[in-house]
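Here's the letter readout for the chains.
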Amino acid sequence: MDIYKIKEAQLNLSVEERRTILLEIEEESDLHIPVLENRRQKLNDNISICPHCSGKKYCKHGKDKGSQRYYCNTCRRTFTEYTGTWLAGIHKRNLLLIIYI
Ligand SMILES: [Zn+2]
């Protein structure tokens, strides 16, 4: 089946059916890496930087509302994977994930 026929066929699907197909494609192809997940992975692997001072030396420093907190040895400030992003001040992040999907 060529891509044009697939595009035409998807027009007959509901929005929910399209979302389901997109999610399945993303899961199977492993092409979609959400930005936050990527950022979290880099922080856990200690290959990221402090969002305050760009220092490379930091360590895990407990949890904050379900998020891993890190402590920067250079500037002595703490941060999470959300620090410096537009999600930093959002209280109900779980609702955003529903909108995103
Ligand atoms: Zn720092």
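Residues numbered from 1 in each chain as written. Predicted model: local features only at pLDDT ≥ 70, side-chain atom pairs only at ≥ 80, totals over all residues. Heavy atoms only, no water.

A. Highlighting the pattern of salt bridges. Taken as a whole and assessed by the stated rule, the structure comprises two salt bridges. Across the salt bridge formed by E81 and R40, the nearest N and O atoms sit 3.0 Å from each other. A residue pair is termed long-range when its members are at least 10 positions apart, and E81 in the loop between strand 3 (78-79) and helix 4 (93-100) and R40 in helix 3 (residues 35-44) qualify at 41 residues. Since its relative accessible area comes to 4%, E81 is described here as buried. For R69, the salt bridge identified is with D64, shortest N-O distance 2.8 Å. In this structure D64 comes out as partly exposed when scored by relative accessible area, which is 26%. (Salt bridge = Lys/Arg side-chain N within 4 Å of Asp/Glu carboxyl O. Helix = DSSP H or I, 4+ residues; strand = E, 2+ residues; numbered from the N terminus. Buried < 20%, exposed > 50% of the residue type's maximum accessible area, 1.4 Å probe, protein only.)

B. Structural context of the sheet that holds strand 3. Here we have three strands laid out as an open sheet, ordered 1-2-3, and antiparallel in their pairing. Both outer strands of the open sheet, strand 1 (58-64) and strand 3, are each paired with one neighbouring strand and no more. Inspection of the sheet shows strand 1 paired to strand 2 (residues 67-72) by five bridges, in the antiparallel sense. Pairing of K60 across the sheet is with Y70, part of strand 2. (Pairing = 2+ DSSP bridges.)

Honestly, it's all geometry; don't read function into it.
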